[in-house]
Structures are given as C-alpha cells and as structure tokens.
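Chain by chain, the residues:
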Amino acid sequence: MRKVYRSLAMLLAIIMIFALVGCQSAVPTSSSSLFKAGTYTGEAEGIHGMLQVEVTVDENKITEVKVVKHDETPGVSDTAITNVPADIMKYQTLAVDTVAGASVTSKAIIEAVTKALEKAGANIANLQKKPEVSATTGQTIEKQADVVIIGGGGAGLAAAISAHENGAKVIVIEKMPRVGGNTIISGSAFNAVDPVRQEKQGIEDAVEKHYTQTYEGGDKLGNPELIKTLTDNAYPAIQWLESMGMEFKDEVFTVLGGLWPRAHKPVKPLGTGYIETYMSYIEANKADIEIMVDTKATEIIMENGKAVGVKAEGKEGNVILKANKGVVVAAGGFGANIEMREKYNSIWPSLQNVKTTNHVGATGDGMVMAEKIGANLIGMDKIQLLPMGDPETGSLSGNIEQGVENRIFVNKDGDRFVDEGARRDVMTKALFEQTDATMWVIVDKHSYPTGDTKNNFNETIDQLVEQGRAYKADTIEDLAKQIGVSPENLKKAVDEFNKAVEKGGKDALGRTLFKDKLDSAPYYAGARVPTVHHTMGGIAINTSAQVLDKDGKIIPGLYAAGEVTGGIHGSNRLGGNALADINVFGRIAGESAAAGK
Ligand code: ADP
C-alpha cells in the first residue's frame, strides 16, 4: 500500500509540475501555485457531532493537518484521528485509506479537510484522484521472538503481557491498522464473583453459581473443566487488571443475558479501558513486546508436528516470524464473515442479511489457519445473536438500556413478549418472531437521571434523542404515539411490569430480575433488531490453552485463547463471560507459551 502512496506522490508531483508550467486548471490561485497559503478550518459530521480540522498550506504543499475539535469515542477513533491527517500530509492527497473500525471518523476528517482545502483554492478533484494500485514490493521481513501472537484484541494482548511476565520476548501481529479487535468496541462487562463489591451491595453469589449458570446457560455443551477454569480465575483476572491500573466501577450489575448481578463495568467507555491498560503495560515494556499492526497472519509454520512460527502479509511485503517457544492464536471470532456464518449456521434462519456488532476484522482467520494444520474445531454452528442491534448498523451503539432490571422490551404492538432477563438466544429467538423482528427498549428516569447521562457507548441520552435514535416523552402515552405503537398496549405493559416489580418473584413471562418501577418521567424508547454478536465455536483447547487436534492430542507449540476458541460457552455465551474468557485464557495461554509447555 505504501507503494501505492509513492505512486500517488509521483502522480501529484506530475500534477504540480503541470500546474507550475501553467496548464489550465480550476485552481483559483496564481497559475504557479496549488494553494493560497494560510490556515483554514473545515467541519464535518463525525459519529457524535461536529468534527473540526485546521489545515495549513503553503503555495505548493499541505504543511499541517490537525483535528482541533471532536467528540469521537476515545480509543476507537484515536487511530483515525492520528493516521488520517498524517497520511493526508505525508502523501499530499485526499485519497487516503480510512481506518477500518473508525471509518465514519476517517471520512469525517477527509470531508472536513476537503472543505478547508476548498477555502484554500485547491483543485479538489486532483487531490481526490485514486492512485493506480501496484503490486507489493516482494521484500520479506524476518523476525524472531519467544512467543508470537496472532491477533491484538483482548485475548492476544492479555497473552502478550502474561508471556512477558513469564520471561518471554513477544511479537503480536494484528491485521488491522490498530489493536483492539472486537474487545475495544464490546459492551465490556466482565463477570466475576467479587467478594468485595457484591458483598457491599448485599448480593449473594458463589463461584459455583457462576459455574452452574455458565454450564447450564450453554445447554451443558461447554467443557466442564474449561468452565471451571474460567469461573475460578475470573476474579483473579480482575485483580490482575487492577494491578495494571484498570479501573472498574464500584457497583456490579446484571448485563443483558448475564443472568446474575456479577458484571463489572469499566470506568472508561466500551472496551477502551482494557485496551489502554494492556497497551500501557506493553508501552512500558516495548523492548520486549513488539506490536506489528497492518500485518495479517496467513499460515502457522509447522516443523515436525510443532508450531514454530507464523507467515504473514504486511504493508511492505511478506513477514516470517519465528517463535522459539510458542505461537498463540488469538484472532477472534467469525461474526463478520458471512460465508463462514452460512457454512456453519444451523440454529438460526439465514444470517446472510443480518448485521453484526463485530468489527470488520472478525473473519475467523485463526480458525481456518489452525484447522489447516490439524486443530480440531468444535461447536462452530453455535453463533450468538443479540436482540440489541442498531437497526441501521447492527452495532450496539445507541442502545439505551443501562442494566437488565430497569428496562422492558415491547414489540411494534406495544406488548412485552419475552422475559427480558433471559438468555441471549431465548430473547433473540423471541424477537425474530415479532413484526419486522424489531422491538423498542423502554426505560425511564431511573436509567437516565439527567439528559447528560451516558450509555455504554459514551452517548448521552440527549444526543440520541437529538439524532432521532431515541424518543423522549413525559408520559407513556406520548412515548407510544411518538414510536407508533398502541398507547393502550404500552400503558398496560408498563402497568403490569410495575405490579410485578412490587410483587417480586416471577412474572407472567418468567422474569425474576427487577429493581425500580417504570414510573418516573422522562420516559425513553429506542428501537433494536437482532444482530450477530459472538461465535461460541472454535479451536479446541485444554485448561492450559494448548491446542488439541481431532484425536484430542496436544499440538506442540500451539496455544489459543479468546473468541477463536470453542468449547467453553456451549450453545450460548452468558453476557459478561467474554471479557472473563479472554483475560483468563489469554493469561493462561501467555504463561503456557512462555514456558513452551
Ligand atoms: P478476542 O476477544 O478473542 O481477543 P478480538 O476480536 O478482540 O477477539 O481480537 C482479535 C484480533 O485478531 C482482532 O484485532 C483482529 O483484527 C485480529 N486478527 C484477526 N485475524 C487476523 C489475522 N489473520 N492476522 C492478524 N490478526 C488478526
């Protein structure tokens, strides 16, 4: 790709020469210059409102591009905010790549810079010309480390730290331009039985209960030993993260499909707190842990039945990474790979046209690579959907729920249709049966004491209402009118729910998780649809995160952790168990790989 930019730079140089020799152009500056020197501002709509840039040019060159104002999501948009302006300057073009996973922010930056350059009298059409794509250089980079990790999401970064703590030199390769994977855009709830927080809230819990709910919540299809490892080590993983500076809120809560109030919510939005925590450790130990972004693993190198390295493709050419002790596969799930969904799905109607919460890199590469060298893939048909997708994008953004206890779901008739504290698969199956597979989440002031109160995506309820993604009313009847459902039905649904809150126990739909009544204005509603969220199946491992082949034998030198693995969550992963999984098994995989176990 860099080569592409070089070609583009040459193209631009030619354009500049043309301009200099006085060819006819639309540039309203003097015939010998490309820009009217100065500093100009431009604005465009980002994800959460206006984004503003400042662009400085001299007569022939863009000399500085700065994003001076924005309200984008920290962590998720950071790479776009640094890389896009840098690329525009470096390659003197508007035809730069957008950053995957932050494409809205990237496009907003490009649009704002375009506006600023228009003011500078630039020939925008010339600056927008796409370069011709040329082949990569063919150069091969070779590196060596004790442990090579495929994937820089939560599991891969946790494994990198743990391998380093156990004395290893580590290389992590990440195919996207930034680390984070699905983890950074996840709801980020982390289930662990917590002797401190739960006791303060008077919540009874036990590791055995976490174990049983995980096992039974997955229809007893998960491997009991792996589940035990997960639940026993969940709280120690919280403490491990806290020891590295990670902050969780004081109160635990019940996350959607989590079945019990044991979910820990990070102080920072989405999964950014985890990634920042891992990256600050990695930054402090960068002599021993290298992260290579834009580097896509294509093959696990085997020698005499042992995994000894990884082949990859980088922006500059091919990459060969030798691993003295072990290779960890932490390349995540396949929720964003429609072909793989269609190949394996057996429990849902076709998922061809269902959107996903996943980032574009969740394409199952790790499973495909591991299977090629003999790893056993298990539970691949177990695909998790959530009933909480944004109708436009499938993302979890715009979700107005704050916790399971204080919201209800109603269909387009204004009727409740499912126990809103049920398993994720149960709720999603019920949603598929409703008109247009669409529902409204209804909350009240208990969830949003003020208009500034944010959801998990760092969005305030006022912003969502302003953007037309949520509706606000002083009465239930008015809310019903705004969202086009029967006011009588919605009123009845809320009244019956409120009675159930008073009564406690189990309501007519089987719901047992209650806290406050829906009785305090303002009331809010937000639409949601089914969305592909997580793939429970994947590479078979043992409790040391060693990869197993089809005969159940260990493949020496190969380890796996996180969503790329199978066998833990059975048919249905509990909400809040993925963050526990990636940290517990990422940590174990790093330790095992460092030991060359
Ligand atoms: P987990 O929660 O299991 O860590 P994530 O989705 O957070 O899963 O992270 C997996 C990471 O692996 C993502 O950042 C993804 O881009 C990366 N990845 C996927 N395939 C490859 C590949 N072929 N080479 C390198 N990185 C990959």
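Here's what I pulled together on the structure shown here. Note that the structure is a prediction, hence the values are computed from the model and not measured. (Residues numbered from 1 in each chain as written. Predicted model: local features only at pLDDT ≥ 70, side-chain atom pairs only at ≥ 80, totals over all residues. Heavy atoms only, no water.)

**Thoughts on the pairing of strand β5 (residues 170–173)**
Piece 1. Because side chains alternate across β5, one face comprises the buried residues Val170 and Val172, and the other comprises Ile171 and Ile173, equally buried.
Piece 2. Judged from the 4 bridges that link them, strand β4 (residues 139–150) and β5 form a sheet pairing that is parallel. By the bridge assignment for β5, isoleucine 150 is matched with isoleucine 173.
Piece 3. Note that β5 and strand β9 (residues 289–292) share 4 bridges and pair parallel. Residue pairing across strands places valine 170 opposite isoleucine 289, the latter belonging to β9. (Buried < 20%, exposed > 50% of the residue type's maximum accessible area, 1.4 Å probe, protein only. Helix = DSSP H or I, 4+ residues; strand = E, 2+ residues; numbered from the N terminus. Pairing = 2+ DSSP bridges.)

**Regarding a negative patch on the surface**
Piece 1. A grouping of Asp474, Glu477, Asp478 and Glu488 is seen on the molecular surface, where their side chains present a negatively charged patch.
Piece 2. Here glutamate 488 falls in the exposed class, since its relative accessible area comes to 59%. (Patch = residues over 30% accessible without salt bridge, like charges linked within 9 Å, V, L, I, M, F, W, Y side chains within 5 Å. Areas by Shrake-Rupley, 256 points an atom, 1.4 Å probe, with all protein chains shown as cover. Salt bridge = Lys/Arg side-chain N within 4 Å of Asp/Glu carboxyl O. Lys, Arg positive; Asp, Glu negative; His and termini not counted. Charge placed at Lys NZ, Arg CZ, Asp CG, Glu CD.)

**Here we look at the pattern of salt bridges**
Piece 1. Tallying each qualifying case throughout the model produces 28 salt bridges.
Piece 2. One salt bridge connects aspartate 288 with lysine 169, and the closest N-O pair in it is separated by 3.2 Å. Of this pair, aspartate 288 sits in the loop between α9 (272–284) and β9 while lysine 169 sits in the loop between α5 (154–165) and β5, and the two are 119 residues apart along the sequence.
Piece 3. Exposure remark for lysine 169: the relative accessible area of 45% places this residue in the partly exposed category.
Piece 4. Among the ionic pairs, arginine 528 bridges to aspartate 390, the shortest N-O distance being 3.7 Å. Taken as a pair, arginine 528 in strand β18 (residues 523–535) and aspartate 390 in the loop between β14 (383–389) and β15 (408–410) lie far apart in primary sequence, 138 residues in all. The exposure classification of arginine 528 matches that of aspartate 390, with both residues buried.

**What to know about the site of the ligand**
Piece 1. Neighbouring the ligand are 27 residues, the closest being Ala155, Glu174, Thr183, Asp365 and Glu563.
Piece 2. Within the backbone of glycine 154, an N or O atom sits 3.1 Å from an oxygen atom of the ligand.
Piece 3. In this structure, glutamate 563 approaches the ligand through a main-chain N or O atom, which is 2.8 Å from an oxygen atom.
Piece 4. In the complex, 98% of the free accessible area of the ligand, which totals 580 Å², lies under the protein chains.
Piece 5. Residue assignment for the shell around the ligand shows that the elements contributing at least two residues are α5, β10 (296–303) and α11 (365–372).
Piece 6. Partitioning the shell around the ligand into residue classes produces 9 nonpolar, 13 polar and 5 charged. (Near = heavy atom within 4 Å. Polar contact = N/O pair within 3.5 Å; in protein donor to acceptor, adjacent residues only side chain to side chain. Nonpolar A, V, L, I, M, F, W, Y, C, P; charged D, E, K, R; others polar.)

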